[in-house]
Amino acid sequence: ALHYLTDRGYTIDTLKEFGFGFSLKDRTQLTQLLQDLELTEQEMEATGLFVESQSGFFDRFNQRIMIPLRNEQGKVIAFSGRILPSDEEMVDEQEAKYLNSSETPIFNKRKFLFNYDLAKSAIRKSGQVVLYEGYMDVIASWQAGAKNGVASMGTSLTKEQIQILSRVANEIIIAYDSDRAGLDATNRAIELLQENSALTISILSLDAGKDPDEFI
């Protein structure tokens with residue numbers, strides 16, 4: 001996992017700053033770790049970190065690169081786990097490339113923006129926010145010096161996220177991938193922004209097929 005991340009150009013300082021981790025293959029590690037807390041079954045279920053079966057609770061995340069998801073105050077409220085590149089051939093409907101925590105009382109995907117806690121001061125200062133498609137694009141751009149980037153959960157921008165950004169920005173720069181899916185998502189975002197905000201809209205045009213991470 002560490003070799004993959006450093007090979008992609010992320011520095012150790014960046015990985016520490018964003019709190020990267022790794023979930024082990026054994027799907028009982030977190031369950032064992034939390035035994036001392038003596039959580040009830042209802043509390044275990046409410047965390048969004050476990051999958052319940054007939055034989056008990058198992059870790060939702062295993063064998064994945066882990067990225068903490070923070071709220072506006074910088075507190076960890078959920079996680080996103082990326083499958084290892086060596087396991088990507090197993091990616092299918094059951095084994096998604098990225099797996100996020102399920103929604104909980106403190107984690108609402110429609111209201112969540114990745115990196116907003118760190119980016120909001122730079123957004124206010126410049127009046128600009130850059131909207132990326134993925135967490136890794138945000139992190140790569142942050143490392144390269146662009147501190148005003150955020151990402152929604154996938155490419156589905158919501159009215160709630162637009163309201164949050166409208167409070168601190170005057171202009172939004174959409175920097176989605178330049179493949180067909182990214183272009184379609186860009187068009188949907190433009191429509192939603194025009195309907196629900198007065199933000200000036202710009203598009204960051206990348207080489208065909210490239211995402212911002214590759215572009216950097």
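From a predicted model like this one, the values you see are computed outputs, not experimental measurements.

Draft legend 1. Region of interest: the nonpolar core. Counting 27 residues, the largest nonpolar core has Leu5, Phe20, Leu69, Phe112, Phe114 and Tyr135 as the members making the most contacts within it. Those elements giving two or more residues to this core turn out to be α1 (2-7), β4 (64-70), β5 (76-83), β7 (128-132), α6 (135-143) and β9 (171-175). Looking at which element gives the most residues to this core, the answer is α6, with six residues. Apart from residues lying up to four places away in sequence, phenylalanine 114 is in contact with Phe18, Ile67, Pro68, Leu69, Tyr135, Val138, Ile139, Gly149, Val150 and Ala151. With 21 residues, the next largest nonpolar core counts Ile123, Ile172, Tyr176 and Ala185 among its residues.

Draft legend 2. Up close: the pairing of strand β10 (residues 200-203). Bridge analysis of β9 against β10 gives four bridges, and the strand direction is parallel. Pairing of isoleucine 172 across the sheet is with isoleucine 201, part of β10. A crossover connection joins β9 to the parallel β10 through helix α8 (residues 180-196); in handedness this β-α-β unit is right-handed.

Draft legend 3. Representation of the sheet that holds β9 within the structure. In spatial order, the strands read β8-β7-β9-β10; together these four strands make up an open sheet with parallel pairing. Two strands close off the open sheet at either side, each with one partner strand: β8 (149-151) and β10. Adjacent strand axes in the sheet meet at a mean angle of 30° when their direction is disregarded. Pairing of β7 with β9, which is carried by five bridges, proceeds in the parallel orientation.

Draft legend 4. Layout of the pattern of salt bridges. Applying the stated criterion across every chain yields a total of five salt bridges. Of the charged contacts, one joins glutamate 160 and arginine 110 as a salt bridge, the two residues approaching to 3.2 Å between their closest N and O atoms. Placement of the pair is glutamate 160 in helix α7 (residues 159-166) and arginine 110 in the loop between β6 (98-100) and α5 (116-126), with a sequence separation of 50 residues. Glutamate 160 sits in the partly exposed class, given a relative accessible area of 26%.

Conventions used here
- Residues numbered from 1 in each chain as written.
- Predicted model: local features only at pLDDT ≥ 70, side-chain atom pairs only at ≥ 80, totals over all residues.
- Heavy atoms only, no water.
- Core = buried A, V, L, I, M, F, W, Y, C linked by side-chain atoms within 4.5 Å.
- Buried < 20%, exposed > 50% of the residue type's maximum accessible area, 1.4 Å probe, protein only.
- Helix = DSSP H or I, 4+ residues; strand = E, 2+ residues; numbered from the N terminus.
- Contact = heavy atoms within 4.5 Å.
- Pairing = 2+ DSSP bridges.
- Right-handed = clockwise from strand over helix to strand, strands pointing away.
- Axes fitted to C-alpha atoms, helices over the stretch in contact; angles between N-to-C directions.
- Salt bridge = Lys/Arg side-chain N within 4 Å of Asp/Glu carboxyl O.

Scope: geometric values only; no functional claims are made or implied.
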